[in-house]
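Reading the structure
Chain residues, written in single-letter form:
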Amino acid sequence: QVRLVESGGGLVQAGSSLRLSCAHSGLTSSPHSIGWFRQAPGQEREFAGGINWLGNTAYADSVKGRITISRDNGENTVYLQMNSLKPEDTAVYYCAAKWRGVVADATTYTYWGQGTQVTVSF
């Protein structure tokens, strides 16, 4: 059974950094990817970036240069490091898993975490 649990969200000031974690189980035996998505109130879920089982990453243009996704296979955890946070980064952040490669289409991800709230104040 695949399970994803996000943590690390909170209230931060603009310009600061935050690292989110996605602890996962049930994936390591097969080629898979973990994607990070975010959803602001009243908006559609947006792809931020992802990492595949080989450690290759892909990022959305909207956040490229400000985020870094990494993984610790020993800890079965994927991280989303966010820098230079802006108020418009305020959203619920989700990690999601799919088999094979990273894509931006949220509908292709089978497994989802419960989300963690990130709020960036002015």
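For the structure, see preceding data.
Read on for a plain summary of the structure. (Residues numbered from 1 in each chain as written. Predicted model: local features only at pLDDT ≥ 70, side-chain atom pairs only at ≥ 80, totals over all residues. Heavy atoms only, no water.)

Here we look at unusual backbone geometry
In this structure, Asn76 takes a positive phi of about 50° despite not being glycine. Considering the arrangement of structural elements, one finds Asn76 in the loop between β7 (67–72) and β8 (77–82). One non-glycine residue, Ser84, adopts positive backbone phi at about 50°. With relative accessibility at 40%, the residue Ser84 sits in the partly exposed group. (Helix = DSSP H or I, 4+ residues; strand = E, 2+ residues; numbered from the N terminus. Buried < 20%, exposed > 50% of the residue type's maximum accessible area, 1.4 Å probe, protein only.)

Describing the side chain of Arg66
Turning to its location among the elements, Arg66 is positioned in the loop between β6 (57–59) and β7. Not counting residues within four places of it along the chain, the set of residues in contact with Arg66 comprises Gln81, Met82, Asn83, Ser84, Leu85, Lys86 and Asp89. (Contact = heavy atoms within 4.5 Å.)

Quick word on the pattern of salt bridges
Tallying each qualifying case throughout the model produces 4 salt bridges. Each of Arg38, Glu46, Arg66 and Asp89 takes part in one network of salt bridges that share partners. (Salt bridge = Lys/Arg side-chain N within 4 Å of Asp/Glu carboxyl O.)

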